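Per-entry structural report
This is what each chain is made of:
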There are 2 protein chains.
Amino acid sequence: MKAIDDAQAERHKAKMTKRKAVQDAEVATKTVEKGLLIINTGPGKGKTTAAFGLALRMLGYGRRVGIVQFVKGAWHTGERAAFAAFGDKVVWHSMGEGFTWETQDLRRDVAAAEAAWAKARELMADPTIGLVVLDELNIALRYDYLDLDAVVAALKARRGGLHVVVTGRNAKPALVEAADLVTEMGATKHHFAAGVKAQQGIEF
Amino acid sequence: MKAIDDAQAERHKAKMTKRKAVQDAEVATKTVEKGLLIINTGPGKGKTTAAFGLALRMLGYGRRVGIVQFVKGAWHTGERAAFAAFGDKVVWHSMGEGFTWETQDLRRDVAAAEAAWAKARELMADPTIGLVVLDELNIALRYDYLDLDAVVAALKARRGGLHVVVTGRNAKPALVEAADLVTEMGATKHHFAAGVKAQQGIEF
């Protein structure tokens, strides 16, 4: 084992005792409990996977989770297969028609976004659900497939206690303004740039 | 439904046809398949939850996942309860003794980090495991609980095909250098600043 002398151990203890007092005082100021509006945005990886990790955490407490995918369609993904282990605790709707450059059909994309948003509202109204993931909703808003004001108003008017996670690049400022927690995933380094392809279990 | 005139629909189609050509050409350049070294760092939320989302994705393909927690101890978390649904497909070791300001004991923290790293090496050597999550390893490295060079060398020498995710703030430059994919989670807005406390299903 790494050698640590007594003086070093004592200094560490004194420093951590002070730090604990600071931490405890800070934790004591946080008393509010509320359903959060969470945004995972930015060009980096982890926006959708972090939302699914949160869904998993909720499932660990026996809470029900609703997921609406605004871009992905009915294709097979690892996450969907895995969530099947939780039976009706997970309500899953893949409402997208695929990437906009695949469909090449604006009317079809708008219709898909509107249908997905209708599902989202239904899940948000369901009192048995504790967390709703709106995967890639930011993309639908960015391309004006949905009315931003109406979406923000509905998210703000969500039931007390309901957590909602919105994912996708380029979150609109009005949505960021309405959110409780916004994380920007930054791509410091990306394996695609090194010629690595999308792999099973990593990208899908 | 939102009104879209024919000219707008045509312009969209032309633009997306071009974009598809660009996308297809780009995808064609990516041919490498490899086990990735992935780092989720930064001050924002989602480092650990994104790692767990990735674990879930791997589980969806029937792959086995190993998780070692370097800071969290045996306390109950939603994610741990949820992963129990996958039986022996998930190998879970919470090897931490808690936050450094809780233990206030440098020797105990170092011993815990060394024991966790021994488990990590064991899981990395297990050919039945496709993904290993080293949760908060960055913290153990930041405080010099483990030898950075030895850790980086072992991660670089991982089996071909094995994906490893390392989480925690302040990733060391040598680790970033060795990684294939590095995401910096930035805290654009955090609910703790608004007095909201850590909540079940969100923070733990």
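Because the structure is predicted, anything quoted here is derived from the model rather than measured.

Here the focus is the relation of the copies chain A and chain B. Overlaying chain A with chain B gives an RMSD of 0.0 Å, the required rotation being 180° about an axis along which the chain moves by 0.0 Å. Taken together, these values place the two copies in the relation of a two-fold axis. Ranked by how close their C-alpha atoms come to the rotation axis, the residues of chain A are headed by A:A50, at 1.8 Å. A high fraction, 99%, of the interface residues of chain A reappear at the interface in chain B, so the copies pair face to face through one surface.

Right, let's talk about the UniProt feature "domain: Cob(I)alamin adenosyltransferase N-terminal" (unreviewed entry) in chain A for a bit. Taking the UniProt record as the reference, the feature "domain: Cob(I)alamin adenosyltransferase N-terminal" (unreviewed entry) is found at residues 7-27 of chain A. The annotated region residues 7-27 of chain A carries 100% helix and 0% strand content, and the separation between its end C-alpha atoms amounts to 30 Å.

So, about the pairing of strand 6 (residues 181-189) of chain B. Note that strand 6 (residues 181-189) of chain A and strand 6 of chain B share seven bridges and pair antiparallel. Looking across to strand 6 of chain B, one finds that A:M185 is bridged to B:M185. Pairing between strand 1 (residues 37-41) of chain B and strand 6 of chain B: four bridges, direction parallel. Looking at the pairing, B:N40 lines up with B:T183 of strand 6 of chain B.

Before going further, it helps to examine the interface of chain A and chain B. Accessible area lost upon the coming together of the parts is a frequently used measure of interface size. The interface is formed by 89 residues belonging to chain A together with 88 residues belonging to chain B. In total, about 7800 Å² of surface goes out of reach between chain A and chain B, with carbon and sulfur atoms giving 60% of it. Where chain A packs against chain B, one counts eight salt bridges. Of the charged contacts, one joins B:K20 and A:E102 as a salt bridge, the two residues approaching to 3.3 Å between their closest N and O atoms. For the pair chain A and chain B, the interface holds 43 residue pairs in polar contact (both at pLDDT 80 or more).

Our focus in this paragraph is the packing of aromatic side chains. Tallied over the entire structure, the rule returns eleven aromatic pairs over all chains. Measuring from centroid to centroid gives 5.7 Å for A:F83 and A:W92, while their planes differ by 45°, and the two rings are tilted. Ring centres of B:F52 and B:W92 lie 5.6 Å apart, and the angle between their planes is 35°; on these two criteria the pair is classed as tilted. Here B:F52 is found in helix 2 (residues 47-60), whereas its partner B:W92 is found in strand 3 (residues 90-94), with 40 residues between them in sequence. Grouping residues by exposure puts B:F52 and B:W92 together as buried. Among the aromatic residues, those joined into a ring-pair cluster are A:F52, A:F83 and A:W92.

The two faces of a sheet get side chains in turn, since along a regular strand they alternate between them. Residues and elements named next belong to chain A. Most of strand 2 (residues 64-69) sits inside the fold, with six of its six residues counted as buried. Both faces of strand 2 are covered, namely the face carrying R64, G66 and V68 and the face carrying V65, I67 and Q69. By the bridge criterion, five bridges tie strand 2 to strand 3 (residues 90-94) in an arrangement that is parallel. Residue I67 lies in a different strand from strand 3, and its bridge partner there is W92.

This paragraph deals with the pattern of salt bridges. Here the structure, examined in full by the defined rule, presents 24 salt bridges over all chains. Between B:R107 and A:D6 there is a salt bridge, with its nearest N and O atoms 2.7 Å apart. One end of the pair, B:R107, is in helix 5 (residues 106-125); the other, A:D6, is in helix 1 (residues 6-28), on a second chain. On the accessibility criterion, A:D6 (55% relative accessible area) is exposed. Note that B:E203 and B:K45 form a salt bridge whose closest N and O atoms lie 3.1 Å from each other.

Backbone hydrogen bonds hold the strands of a sheet together, and the pairing may be parallel or antiparallel. Read from one edge to the other, the open sheet built from twelve strands follows the order 3(A)-2(A)-4(A)-5(A)-1(A)-6(A)-6(B)-1(B)-5(B)-4(B)-2(B)-3(B), with strand pairing classed as mixed. In this open sheet, the two strands that pair with only one neighbour each are strand 3 of chain A together with strand 3 of chain B. Taken pair by pair, the neighbouring strands of this sheet meet at an average axis angle of 15°, ignoring direction. As paired strands, strand 1 (residues 37-41) of chain A and strand 5 (residues 163-167) of chain A are joined by four bridges and run parallel to one another. Paired with A:L37 across the strands is A:V164, a residue of strand 5 of chain A. Along the sheet, helix 2 of chain B makes contact with strand 1, strand 2 (64-69), strand 3, strand 4 (129-135), strand 5 (163-167) and strand 6 of chain B, crossing strand 4 of chain B at roughly 170°.

This brings us to the environment of B:T17. With respect to the helices, strands and loops of the structure, B:T17 is situated in helix 1 (residues 6-28). For the pair B:T17 and B:K34, spaced 17 residues apart in sequence, the C-alpha separation works out to 31 Å.

Another point: helix 1 of chain B. Taking 1.5 Å as the rise per residue, helix 1 of chain B with 23 residues should run 33 Å; its terminal C-alpha atoms sit 33 Å apart, in good agreement. Residues B:A9, B:H12 and B:M16 constitute the buried set of helix 1 of chain B. Of the surrounding elements, those touching the buried residues of helix 1 of chain B are helix 4 (100-103) and helix 5 (106-125) of chain A. At the N-terminal end of helix 1 of chain B, a side-chain oxygen is found 3.3 Å from the backbone nitrogen of B:A7, two or three residues along, and the residue is B:D5.

Moving on, we get to the packing of helix 5 of chain A against helix 1 of chain B. Relative orientation of the contacting elements helix 5 of chain A and helix 1 of chain B amounts to 95°, with a least axis distance of 8 Å. Regarding the angle of helix 5 of chain A to helix 1 of chain B, the classification is roughly perpendicular. When helix 5 of chain A is examined against helix 1 of chain B, the residues A:L106, A:R107 and A:D109 are found in contact with a partner set consisting of B:D6, B:Q8, B:A9 and B:H12. Residue classes in the contact of helix 5 of chain A with helix 1 of chain B are distributed as two nonpolar, two polar and three charged.

Rules behind the numbers
- Residues numbered from 1 in each chain as written.
- Chains lettered and ligands numbered in written order.
- Predicted model: local features only at pLDDT ≥ 70, side-chain atom pairs only at ≥ 80, totals over all residues.
- Heavy atoms only, no water.
- Least-squares fit on C-alpha atoms with pLDDT ≥ 70 in both.
- Contact = heavy atoms within 4.5 Å.
- UniProt positions renumbered as here; feature names shortened; annotations may be inferred.
- Helix = DSSP H or I, 4+ residues; strand = E, 2+ residues; numbered from the N terminus.
- Pairing = 2+ DSSP bridges.
- Buried area = accessible area lost by both parts, 1.4 Å probe.
- Salt bridge = Lys/Arg side-chain N within 4 Å of Asp/Glu carboxyl O.
- Polar contact = N/O pair within 3.5 Å; in protein donor to acceptor, adjacent residues only side chain to side chain.
- Phe/Tyr/Trp six-rings, centres within 6.5 Å; stacked < 30°, edge-to-face > 60°.
- Buried < 20%, exposed > 50% of the residue type's maximum accessible area, 1.4 Å probe, protein only.
- Axes fitted to C-alpha atoms, helices over the stretch in contact; angles between N-to-C directions.
- Expected span 1.5 Å × (residues − 1).
- Parallel < 35°, antiparallel > 145°, perpendicular 65-115°, else oblique.
- Nonpolar A, V, L, I, M, F, W, Y, C, P; charged D, E, K, R; others polar.

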